[in-house]
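Fold and geometry: a report
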Amino acid sequence: DAGVTQSPTHLIKTRGQQVTLRCSPKSGHDTVSWYQQALGQGPQFIFQYYEEEERQRGNFPDRFSGHQFPNYSSELNVNALLLGDSALYLCASSRLAGDTGELFFGEGSRLTVL
Amino acid sequence: AQSVSQHNHHVILSEAASLELGCNYSYGGTVNLFWYVQYPGQHLQLLLKYFSGDPLVKGIKGFEAEFIKSKFSFNLRKPSVQWSDTAEYFCAVNALTGRRALTFGSGTRLQVQP
């Protein structure tokens with residue numbers, strides 16, 4: 001049973017560029033959440049997708065956008081990158097039915113913005 | 001909005017010492033509570049969770065946590081730590097009203113010396 005998979009694992013961008021990160025949820029899960037984890041901090045909620053729509057959003061600017069596909073996989077897009085966007089981006093999946101808040105995490109995509 | 005405070009940012013213990021990591025949350029309603037662990041180079045994993053019932057919950061690897069509603073606390077304990085417990089520990093809360101996203105504390109880095 002595959003867990004949550006993310007790609008790429010590492011990437012380097014320069015200020016002003018755009019980045020797309022990808023996530024495949026755990027088998028049987030239909031909900032995907034994205035988190036940003038800056039160095040030395042806990043994960044911060046970006047947004048959550050279910051049924052191909054953004055259902056909840058944290059305190060992140062519109063530069064952060066996402067998408068969910070019919071197979072439940074998801075993308076996180078960040079436009080006009082800033083140095084402060086350097087972080088580990090975590091994807092987490094869950095199942096809406098009987099949702100308890102428990103999340104299953106991928107290993108993350110480490111983004112460095114120069 | 002809900003928030004989580006972890007008081008200990010960095011804890012250093014010798015093997016066989018007892019561990020207690022503090023976690024307090026702020027939210028007036030009913031919550032689910034979690035402790036996640038992140039071992040070096042690995043993804044976030046669920047250590048234990050509290051939904052309802054017995055406020056003393058047991059997780060994997062000998063960890064336990066006690067929910068004290070009156071103190072809004074969910075402290076993590078282990079009677080005797082091992083070198084392999086070296087990791088970062090995150091407390092998280094999920095408010096049941098409105099299906100809010102999982103909110104994490106800033107984490108506690110535990111270093112166990114052999």
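Before going into details, it helps to say that this report is about the structure given with it.

Rules of the game
- Residues numbered from 1 in each chain as written.
- Chains lettered and ligands numbered in written order.
- Predicted model: local features only at pLDDT ≥ 70, side-chain atom pairs only at ≥ 80, totals over all residues.
- Heavy atoms only, no water.
- Helix = DSSP H or I, 4+ residues; strand = E, 2+ residues; numbered from the N terminus.
- Rg over C-alpha atoms; globule rule 2.2 N^0.38 Å.
- Contact = heavy atoms within 4.5 Å.
- Areas by Shrake-Rupley, 256 points an atom, 1.4 Å probe, with all protein chains shown as cover.
- Lys, Arg positive; Asp, Glu negative; His and termini not counted.
- Charge placed at Lys NZ, Arg CZ, Asp CG, Glu CD.
- Buried area = accessible area lost by both parts, 1.4 Å probe.
- Salt bridge = Lys/Arg side-chain N within 4 Å of Asp/Glu carboxyl O.
- Polar contact = N/O pair within 3.5 Å; in protein donor to acceptor, adjacent residues only side chain to side chain.
- Disulfide = S-S within 2.5 Å.
- Buried < 20%, exposed > 50% of the residue type's maximum accessible area, 1.4 Å probe, protein only.

Notes on the overall build of chain A
- Assigned secondary structure in chain A consists of zero helices and eleven strands.
- Along chain A, from the amino end to the carboxyl end, the secondary structure elements read β-β-β-β-β-β-β-β-β-β-β.
- The C-alpha radius of gyration of chain A comes to 13 Å, within 12% of the 13 Å expected for a compact globule of 114 residues.
- With the C-alpha coordinates of chain A rotated into their principal frame, the extents come out at 40 × 25 × 25 Å.
- A separation threshold of at least 6 residues defines the contact pool for chain A, and within that pool the share at least 24 residues apart is 52%.
- Roughly 5,500 Å² of accessible area belongs to chain A as shown, and the carbon and sulfur atoms make up 48% of that amount.
- Each charge class in chain A can be summarised by its mean position, and for the 9 positive and 12 negative side chains these summaries are 9 Å apart.

Things to note about the interface of chain A and chain B
- Counting residues at the interface gives 20 residues for chain A, matched by 19 residues for chain B.
- Regarding the contact of chain A and chain B, the summed buried area is about 1,600 Å², with carbon and sulfur atoms giving 51% of it.
- By the criterion of area lost to chain B, the three top residues of chain A are Thr100(A), Glu102(A) and Phe105(A), representing 31% of everything that side buries.
- Applying the counting rule to chain A against chain B returns one salt bridge.
- In this assembly, chain A and chain B are joined by five residue pairs in polar contact (both at pLDDT 80 or more).

Here's the deal with the state of the cysteines
Residues and elements named next belong to chain A.
- With the rule as written, the count across this model stands at two disulfides over all chains.
- Disulfide pairing places Cys-23 opposite Cys-91 at an S-S distance of 1.8 Å. For the disulfide bridge between Cys-23 and Cys-91, the dihedral angle about the S-S bond is near -60°, and by the sign convention the bridge is left-handed. Separated by 68 residues along the polypeptide, Cys-23 in strand β3 (residues 19-24) and Cys-91 in strand β9 (residues 87-94) bring together distant segments of the chain. In this structure, Cys-23 and Cys-91 share a single accessibility class: buried.

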